[in-house]
Amino acid sequence: MYDFKYQLANSQDDAVSAQSSAEDGSFLAGGMTLIPTLKQRLAQPSDLVDLSGISDLIGVSAEGDSVTIGSMTTHAEVASSEIVSSKIPALAALAGNIGDPQVRNRGTIGGSIANNDPAADYPAACVALNATIITNNRKIPADNFFTGLFETALEDGELITAVTFPIPDKAAYAKFPNPASRYAIVGVMVAHTGGETRAAVTGASDSGVFRSSEIENALGDNLDSSAAKAVSISADGLNNDIHASSEYRAHLVSIMASRAATAAG
Amino acid sequence: MPTVSMTVNGESVSSEVEPRTLLVQYLRENLGLTGTHVGCDTSQCGACVVHVNGKSAKSCTMLAVQAEGSEVSTIEGLADGDTLHPMQEAFRENHGLQCGFCTPGMVMSAIDLVQTNSDPSEHDVREWLEGNLCRCTGYHNIVKSILAGAKAMQG
Ligand SMILES: Cc1cc2nc3c(=O)[nH]c(=O)nc-3n(C[C@H](O)[C@H](O)[C@H](O)COP(=O)(O)OP(=O)(O)OC[C@H]3O[C@@H](n4cnc5c(N)ncnc54)[C@H](O)[C@@H]3O)c2cc1C
Ligand code: FES
Ligand code: FES
């Protein structure tokens, strides 16, 4: 690991100003992605600004027809939250299935979506549930947030403060995990919210999460699982690596969509 | 260099460290607590699992400075004199180890499981061990040990 300066921010303003006055500052959340990246010398920030001391970034609240999760809320906290479990059980289940217990004890929703790993789970939930990503200076619809491989709409130094999820009528996530890493080889979140059906796919494409209109049309308002299973997805542009061929991933998209639809009931 | 202070196995410690010092490095090299192992150094194997404020964490994927003000416990802090912690005793009784390299992380992880789920099923134990790898045992006796340890911790 290259050397860096470290500071613990005590408020959102403090974090944003510490990052912007640094030569090349990075926010540090759970560190479950950033620390391995630093160890491999794939990044060399001059400063790490630790967000873990900012209490108003942590926690879950429900208001009207949505649930808001602070960016520093860990996967374990989302998985065990009574609010998330009762309002959006699919989201609690997704969080409880990320990585392993130690990753869930430290990894955060903000870190996961800022990182936008093409095989991460949360991006699928954000897109399928039509979430809004709230930063220190604006609100970004999930549809515009995830822009490509490890790329997001965040500007340099922009801090994610929370994510707001509209409560769906029905939703479920089905993931075919890589047996070693637990990241998704393919994961599909399906949701029906206020008359709209959405299906978001992670793991399959190397440009990250995407909505599949073919799956959405097949699912229809009733989340028809057998219709989803019958959809033939093109392998063009899908990941092809030692874990799975693009044809296999294409096949898994329909299967996972169908399993998610069955689970959503 | 920044100064980091924390409680390790009930004792206050304070040292100057480079910010890039990993928690596991700090425990092993500064404090001499070599019971916490480094297996993979890539966040996969769980040999380095300790508790930070009561929750299991991979100490190879945490900076020592991130543990500022925390209560850290390691495998060395479990036994009470010559009396092993019930989970350690269960590993011994059930032959839950062969070479023993993964064992400290397994035991620390297992205790966190029992804290969140006091009566785990075999399935719960196997799921929970997702982040702990063992190259020797085939896991069977580890699972048996944890089920026995969970019972003993209740008793
Ligand atoms: C063994 C292992 C298995 C895993 N398995 C899975 C899995 O199955 N599914 C899955 O989805 N993920 C998985 N992960 C990744 C895990 O979910 C991480 O927690 C997550 O990717 C990053 O979150 P973090 O809080 O650790 O962020 P960090 O590593 O601290 O930060 C990641 C990046 O986000 C930036 N950042 C962090 N917080 C903010 C913020 N509030 N605003 C702006 N930028 C921010 C940081 O600057 C950094 O660039 C796994 C990780 C490991 C080590
Ligand atoms: S050494 Fe930390 S997970 Fe392997
Ligand atoms: S007993 Fe040897 S690695 Fe587990």
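Residues numbered from 1 in each chain as written. Chains lettered and ligands numbered in written order. Predicted model: local features only at pLDDT ≥ 70, side-chain atom pairs only at ≥ 80, totals over all residues. Heavy atoms only, no water.

**Notes on the domain arrangement of chain A**
Residues and elements named next belong to chain A. Threshold: Each domain span listed reflects an automatic or database assignment of domains. Any pair of residues with heavy atoms lying within 4.5 Å of one another is described as a contacting pair. A simple way to read buried area is as the amount of 1.4 Å-probe accessible surface that goes missing from two parts once joined, with both sides added. What counts as a salt bridge is simple: a side-chain nitrogen of Lys or Arg found within 4 Å of a carboxyl oxygen of Asp or Glu. Each polar contact in these results corresponds to two N or O atoms within 3.5 Å; when the atoms are within protein, one needs to be able to donate a hydrogen and the other to accept it, and residues that are neighboring in sequence are counted only if both atoms are side-chain atoms.
Domains assigned within chain A are domain 1 (5–50), domain 2 (60–166) and domain 3 (170–264). Taking only C-alpha atoms into account, the centre of domain 1 sits 20 Å from that of domain 2. On the side of domain 2, 14 residues touch domain 1, which itself brings eight residues to the contact. Surface buried jointly by domain 1 and domain 2 totals about 860 Å² across both partners, of which 69% is contributed by carbon and sulfur atoms. Here domain 1 and domain 2 share zero salt bridges between them. One can count zero residue pairs in polar contact (both at pLDDT 80 or more) joining domain 1 with domain 2.

**Considerations on the site of ligand 1**
Condition: We call a residue near a molecule or strand whenever a single non-hydrogen atom of that residue lies within 4 Å of it. In short, Shrake-Rupley with a 1.4 Å probe defines the accessible areas, and a residue's cover is counted only from the protein chains shown. Helix and strand labels come from DSSP, where a helix needs a run of H or I of at least four residues and a strand needs a run of E of at least two; each type is numbered from the N terminus. Ten residue types, Ala, Val, Leu, Ile, Met, Phe, Trp, Tyr, Cys and Pro, are classed as nonpolar, four, Asp, Glu, Lys and Arg, as charged, and the remainder, Gly among them, as polar.
By nearness alone, 30 residues border ligand 1, and Phe-27, Met-32, Leu-34, Thr-108 and Arg-182 of chain A come closest of all. Looking at what sits near ligand 1, you find residues from chains A and B. Phe-27 of chain A is positioned with one of its backbone polar atoms (N or O) 2.6 Å from an oxygen atom of ligand 1. When ligand 1 sits alone it has 990 Å² of accessible area, and the protein chains cover 93% of it. Those elements that provide at least two residues to the shell around ligand 1 are strand S2 (25–28) and helix H7 (109–115) of chain A. Its residues assigned to classes, the shell around ligand 1 shows 13 nonpolar, 13 polar and four charged.

**A word on the interface of chain A and chain B**
Counting from both sides, the interface comprises 25 residues of chain A and, opposite them, 25 residues of chain B. Summing the contributions of chain A and of chain B, the shared interface buries around 2,000 Å²; its carbon and sulfur component is 56%. Among the residues of chain A in contact with chain B, Lys-39, Gln-102 and Arg-106 of chain A are the three that bury the most area, contributing 29% of the side total. Connecting chain A to chain B are four salt bridges. Residue Asp-3 of chain A is joined to Arg-20 of chain B by a salt bridge in which the shortest nitrogen-to-oxygen separation is 4.0 Å. Linking chain A with chain B are nine residue pairs in polar contact (both at pLDDT 80 or more), by the criterion used here. Elements represented by at least two residues in the side of chain A that touches chain B include exactly helix H2 (34–39), strand S3 (47–50) and helix H6 (101–106) of chain A. For the side of chain A that touches chain B, the leading source of residues is H6 of chain A, giving five residues.

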